[in-house]
Amino acid sequence: MREIVLDTETTGFDPETGDRIVEIGAVELWNHVATGRTYHQYINPERGMPQEAFEVHGLGDDFLRDKPVFAKIADEFLAFVGDATLVIHNAPFDMKFLNAELRWCKRKLLPIEQALDTVAMARKKFPGSPASLDALCRRFAIDNSSRTLHGALLDSEILAEVYLELIGGKQPDFGLSQSQSSGAAAAADADWRPRPRPEPLPSRITDEEKAAHAAFVEKLGDKALWART
């Protein structure tokens with residue numbers, strides 16, 4: 001099962017009022033294990049960076065000026081994502097921006113059902129508790145000390161660890177489910193009994209070892225434990 005843990009940074013909160021994506025970071029998982037493949041791209045938003053957004057991620061106009069626009073990286077991004085499940089913290093926000101950018105450059109949109117929202121997962125698992133990425137890192141003792149600013153790739157790497165904890169730890173499929181021990185299989189297990197071997201295994205004790213043991217026991221006399229029957 002292929003999954004892509006993904007995060008974006010933007011110029012604001014709403015693409016319909018002119019906000020754009022400025023960074024995409026993604027980490028590939030295969031059967032819940034990181035493969036080492038990542039996707040990371042800074043993007044020229046073709047507009048100025050608001051101060052409040054700059055204070056969140058630190059990506060300014062001078063840095064982004066020579067980066068490619070979204071239309072130039074859209075095909076590469078879609079090829080990396082493919083049909084994998086997208087694991088996103090607050091998925092509606094990122095999907096809204098990704099599909100706006102894809103629509104503007106006339107590329108296929110990402111189905112909403114392709115995304116898995118870890119905020120919703122956390123709220124369901126820990127109702128009433130904070131569900132921010134930082135709060136979940138504290139809950140699961142995940143080191144996020146390098147997260148002084150939001151960064152799409154770093155946040156994706158941290159989210160991958162959080163996601164694995166949310167689904168039951170770093171080996172979520174290790175334990176056997178109840179369904180695996182039910183029905184005919186459970187009945188067969190209950191009826192199983194060990195049976196004698198058709199032919200006993202040959203002794204591994206040599207004649208020399210037998211003779212040495214007999215001599216040792218003889219030296220112990222009639223009160224030796226081995227002499228009691």
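Described below are features of the structure shown in this document. (Residues numbered from 1 in each chain as written. Predicted model: local features only at pLDDT ≥ 70, side-chain atom pairs only at ≥ 80, totals over all residues. Heavy atoms only, no water.)

The number of helices and strands found in the protein chain is nine helices and five strands. What you see in the protein chain, going N to C, is helices and strands ordered as β-β-β-α-α-α-β-α-β-α-α-α-α-α. Here the protein chain holds 229 residues, and 40% of them are scored as buried. Look at the contacts in the protein chain between residues 6 or more apart in sequence, and 65% of them connect residues 24 or more apart. (Helix = DSSP H or I, 4+ residues; strand = E, 2+ residues; numbered from the N terminus. Buried < 20%, exposed > 50% of the residue type's maximum accessible area, 1.4 Å probe, protein only. Contact = heavy atoms within 4.5 Å.)

Another aspect to go through is unusual backbone geometry. The backbone of Glu46 sits at a positive phi, close to 60°, despite the residue not being glycine. Within the element layout of this structure, Glu46 appears in the loop between β3 (33–42) and α1 (51–57). With a relative accessible area of 54%, Glu46 lands in the exposed category. One non-glycine residue with positive phi stands out, namely Lys106, at about 60°. Looking at the secondary structure, you find Lys106 in the loop between α4 (91–104) and β5 (115–117).

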